[in-house]
Amino acid sequence: MAKERGLLSPEDFAQLQKYMEYSNQKVSDVLKLFENEKMAKYLQGDAIGYEGFEQFLKIYLEVDNVPHHLSLALFHSFHTDHCLKENVRKANVVCLSDVSCYFSLLEGGRPEDKLEFTFKLYDTDGNGILDSSEVERIILQMTRVAEYLDWDVSELRPIFQEMMKEIDYDGSGSVSLAEWVRAGATTVPLLVLLGLEMTLKDDGQHMWRPKRFPRPVYCNLCELSIGLGKQGLSCNLCKYTVHDQCAMKALPCEVSTYAKSRKDIGVQSHVWVRGGCESGRCDRCQKKIRTYHSLTGLHCVWCHLEIHDDCLQAVGSECDCGLLRDHILPPSSIYPSVLASEQERKHSKTSQKTTDDSNLCISEALRINPVSNTHPLLVFVNPKSGGKQGLRVLWKFQYILNPRQVINLLKDGPEQGLRFFKDVPDSRILVCGGDGTVGWILEAIDKINLPVVPPVAVLPLGTGNDLARCLRWGGGYEGENLAKILRELEMSTVVYIDRWSLEVIPQQTEEKTDPVPFQIINNYFSIGVDASIAHRFHIMREKYPEKFNSRMKNKLWYFEFATSESIFSTCKKLEESLTVEICGKPLDLSNMSLEGIAVLNIPSMHGGSNLWGDIKRPHGDSCEINQALGTSAKVITDPDILKTCVQDPSDKRLEVVGLEGAIEMGQIYTKLKSAGRRLAKCSEITIHTIKTLPMQIDGEPWIQTPCTIKITHKNQMPMLMGPPPRSSNFFGFFSCPT
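Conventions used here
Residues numbered from 1 in each chain as written. Predicted model: local features only at pLDDT ≥ 70, side-chain atom pairs only at ≥ 80, totals over all residues. Heavy atoms only, no water. Helix = DSSP H or I, 4+ residues; strand = E, 2+ residues; numbered from the N terminus. Contact = heavy atoms within 4.5 Å. Buried < 20%, exposed > 50% of the residue type's maximum accessible area, 1.4 Å probe, protein only. Pairing = 2+ DSSP bridges. UniProt positions renumbered as here; feature names shortened; annotations may be inferred. Phe/Tyr/Trp six-rings, centres within 6.5 Å; stacked < 30°, edge-to-face > 60°. Lys NZ or Arg CZ within 6 Å of the ring centre and 35° of its normal.

### Observations regarding the side chain of Asn523
Considering the arrangement of structural elements, one finds Asn523 in the loop between strand S19 (520-521) and strand S20 (524-528). Setting aside its immediate chain neighbours within four residues, Asn523 contacts Asp435, Asp466, Leu467, Leu600, Asn601, Ile602 and Asp698.

As C-alpha cells, then:
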C-alpha cells in the first residue's frame with residue numbers, strides 16, 4: 001500500500017489511467033460541484049477527507065465503485081503536510097488544490113508543469129530543494145516503475161544514482177526546482193521513470209481480434225480444433241489463436257517491442273509461437289508441416305520462419321528478421337535511454353544543449369539504434385480510410401513489423417511517431433490512407449521540423465488517391481500481400497514534390513462562408529464547375545455514404561451531377577466573376593467562355609483525370625523538354641509553347657487549365673475527352689473573385705464568398721515513387737534533378 005507521498009504503485013497508476021481513458025469528465029467540472037450545497041459538506045477549508053476524496057474520484061472517473069486499494073493509495077499519496085495548517089494535519093485530509101492540480105496535469109498538462117508538480121510532491125518539507133533523503137525517495141519510485149515495466153532493475157539503481165547526481169548541476173548536494181525542470185529536457189525524461197507517463201509498458205496482453213478460419217486451426221491453449229468456418233480469437237501481434245472461451249486463460253503474449261536489459265540490446269533472438277504455420281511447409285527441411293491433425297509446427301513472430309518442432313535446434317537462436325529485415329526495427333534495436341552506454345548519454349546531452357529546453361519529449365525515454373544498412377519504416381494508418389480496409393491494414397502491419405513502428409492515426413495522431421523516429425537514420429514513412437491523410441502527415445512533418453525529413457510512400461486506401469497514382473502506388477489497395485508491397489518499396493526511388501501555400505483573404509461581406517479545408521496545396525486547386533460538382537458529390541456522400549462504396553458507383557454519381565450542372569450552368573461566364581494574375585501579370589480571359597479554372601500541381605485529379613492532358617512528346621524526357629523552354633521562365637502563356645509543356649511536380653511551377661463546362665468536365669472524368677484548355681504555366685498565382693463561388697483543394701470542396709486568393713511556393717517534400725510497371729512507362733516525369 002502506497003502510504004508515503006510519491007510512492008503510488010505503477011500498477012495503481014496504470015489502473016487509474018485506464019479509468020481516465022473512459023471518462024469524459026474534466027477537473028474543472030468536478031470542482032464546480034464542490035461549490036454547491038450537496039458537495040460543499042465535504043470541504044474543510046481547502047482540504048477534503050477520505051470520504052470527500054472518494055466522491056471526487058467517483059464523479060471524475062465516472063465509476064460507481066472505485067477499488068478501495070486504489071482510492072486509498074491515491075489519498076495517501078496526496079498527504080502534503082507543508083500545505084496544511086496544524087489543526088488540519090491531524091484530521092487526515094488532503095489539499096483539494098493538490099488533487100485538482102494532479103488530475104489536471106494527467107489530462108494533458110505540459111511536461112514542464114508536470115515536472116514542477118512532481119518536484120513539489122517530493123519536496124516533503126516544502127523548502128524548495130530536494131535533499132538527499134528526498135532524492136533517495138525519487139530513486140526508489142523510479143526503481144518501482146522500472147520493475148513495473150519489466151526492466152532488469154539490478155543494473156538500474158547505480159544508473160539512477162548517477163543520473164540524480166548529474167541533475168545537481170551546481171554540485172551543491174541538493175536539487176533546486178530550476179535544476180529539476182532543466183533535467184526534464186537534458187536527462188532521460190523523468191516523467192516516465194516517475195510513472196507519470198506510462199507509455200512504455202509491454203504488458204503481455206494479447207491484441208485479440210475475431211477471425212473465421214477457412215482451414216484447420218487448433219487452439220493454442222486447449223489444442224482442440226476450432227473448426228472450419230467457425231470463429232475464434234487471434235492475436236494481431238503473435239498469431240496466438242484460441243477459442244473464445246479459452247482467451248481468459250491464454251498464456252501472455254510473447255511479443256516484446258523493446259529490449260529491457262542491456263544483454264538484450266543489439267542481438268535479436270527468435271520468438272517462437274506454436275502453430276500459425278500458414279504455408280504448411282517447413283522453411284528448414286522443406287517438408288510439409290501437417291497441420292490438420294493437431295497443433296503442430298512453430299513460427300517466429302519476427303522473421304516469420306515456419307518450422308517443425310524437430311528442426312528447432314538446427315535453426316539457432318539468432319533472428320535476422322527475415323525477408324522484411326530492411327523495414328523492421330527489432331526489439332533489440334530499441335531500448336530505454338537509461339540503459340544507454342555512458343558515451344551515448346554524453347553524446348545525447350551534447351546534442352540536446354542546442355535544442356529548446358521547453359520542448360520536452362517523452363518519446364526520448366526510448367533510444368533507437370537500428371540494424372546497419374536497413375531503412376526502418378514508420379507506418380501511419382488511418383483506420384477509417386477505405387471502409388474496413390484501414391483497420392485490416394493496421395492489424396497486418398502490427399504483425400509483420402514491430403508494433404511500435406505502426407501508428408493508429410485516429411488514436412495517437414502523427415506527432416508522437418514522428419518524434420519517436422526523429423533521429424533514426426535512413427528511415428522511411430509509409431502513409432496508409434487517402435489524399436487527405438497524406439496531407440495530414442506532410443503538414444505534421446512541417447510542424448515537427450525534423451533534422452532530416454524521411455521520404456514518404458503511400459499505400460492508397462479508398463477511392464481517389466491522385467497523389468498515390470502519380471507516385472506509381474496505384475489508385476487503391478485491393479487486399480494485396482503487404483510483404484510484396486514492402487519489397488516494392490525497397491525498389492522505390494526518392495523524388496521531390498512541390499507544395500504550395502494557399503492564402504484566402506475574404507472581402508467584407510455579410511454572407512456566411514465555409515471554412516477553408518486546407519492552407520497547403522499538394523495536388524490541385526480549382527474554382528467553378530468541377531468544384532460545384534465535387535461539392536454536390538461531397539454533400540451527398542456525407543448524407544448517404546452507403547451509396548458511394550465503389551469506384552463504379554462514384555463515377556455514375558459524378559456523371560449524374562455533371563449532367564445536372566450542365567443543365568443549370570451555375571458557373572456560366574466565370575471569367576466575368578474573377579481576375580487571375582500570374583506572377584503579377586494579368587491573364588487574358590476576355591475571349592474565352594469558361595465555367596471553371598483549375599490550378600494543377602500533379603497530373604491527376606478526381607481519381608485519375610489528367611486535365612492538362614498528355615502530349616506527343618518529342619525525343620527526350622520531361623526534364624529535357626522543360627529545359628528547352630527555359631527553366632528560368634516563371635510564366636509561360638504562349639499557346640504554341642504550352643502545347644509541348646510537360647507537367648513536372650518538382651519544377652516549382654503550376655499549370656493553369658480552363659474548363660468550358662460541366663459536359664467537358666464529365667467527358668474528361670470518364671475519359672471521353674483528353675484535357676481542358678491550357679492557359680498558363682507559372683510559379684505564383686493571385687485570384688480576385690467578386691461573387692460567391694464553389695472551390696476545392698485536393699478534393700475537399702467548399703463555398704467561398706468574394707475574396708482574394710494567393711498561391712505561392714512553400715517547399716518540396718521527398719516522396720517515394722514506386723518501381724515502374726513492367727508493361728509501359730508511367731507519365732514520364734520526376735526525372736529532373738531538383
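Once you've had a look at it, read on.
### Observations concerning the pairing of strand S26 (residues 677-682)
With 5 of 6 residues buried, S26 lies mostly within the body of the structure. As judged from the 2 bridges shared by strand S24 (residues 635-636) and S26, these two strands associate in the antiparallel manner. Across the sheet, Val635 pairs through a bridge with Cys682, a residue of S26. Examined bridge by bridge, strand S25 (residues 654-659) and S26 share 5 bridges and lie antiparallel to one another. Bridge pairing links Glu655 to Lys681 in S26.

### Here we look at the environment of Leu115
With respect to the helices, strands and loops of the structure, Leu115 is situated in helix H8 (residues 111-122). Overall, the relative accessible area of 1% leaves Leu115 in the buried class. Taking the C-alpha atoms as reference points, Leu115 and Val181, separated by 66 residues in sequence, lie 6.0 Å from one another.

### Description of the UniProt feature "domain: EF-hand" (unreviewed entry) in the protein chain
UniProt tags residues 110-145 and 155-190 as "domain: EF-hand" (unreviewed entry). In residues 110-145, the share of helix is 72% and the share of strand is 6%. The end C-alpha atoms are 21 Å apart. Between the first and last C-alpha atoms of residues 155-190 the distance is 18 Å; the span itself is 61% helix and 6% strand.

### Points about the sheet that holds strand S10 (residues 298-300)
An order of S9-S10-S11 is seen for the 3 strands of this open sheet, with the pairing classed as antiparallel. Either end of the sheet is taken by a strand with one partner, and the two such strands are strand S9 (272-274) and strand S11 (306-307). Where S10 meets S11, 2 bridges bridge the pair, whose relative direction is antiparallel. Bridged to Leu298 within S11 is Ile307.

### Here we look at helix H7 (residues 96-106)
For H7, the tally of buried residues reaches 8 of 11 residues, placing the bulk of the element in the interior. Backbone geometry just after H7 places Gly108 at a positive phi near 145°.

### Some details on the packing of aromatic side chains
Any two aromatic rings considered together are summarised by their centre-to-centre distance and by the angle between their planes. In the structure shown here, the tally under the stated rule is 10 aromatic pairs. On the numbers, 5.8 Å between centres and 35° between planes, the contact of Phe56 with Phe103 is tilted. Note that Phe56 is positioned in helix H4 (residues 50-61) and Phe103 in helix H7, a separation of 47 residues in sequence. With respect to burial, Phe56 and Phe103 carry one shared label: buried. Taken together, the ring pairs connect Phe34, Phe56, Tyr60 and Phe103 into an aromatic cluster. A cation over an aromatic ring shows up here: Lys239 above the ring of Tyr399, its NZ or CZ 4.7 Å from the ring centre. Across the ring face of Tyr258, the terminal group of Lys260 is positioned such that the distance to the ring centre comes to 5.5 Å.

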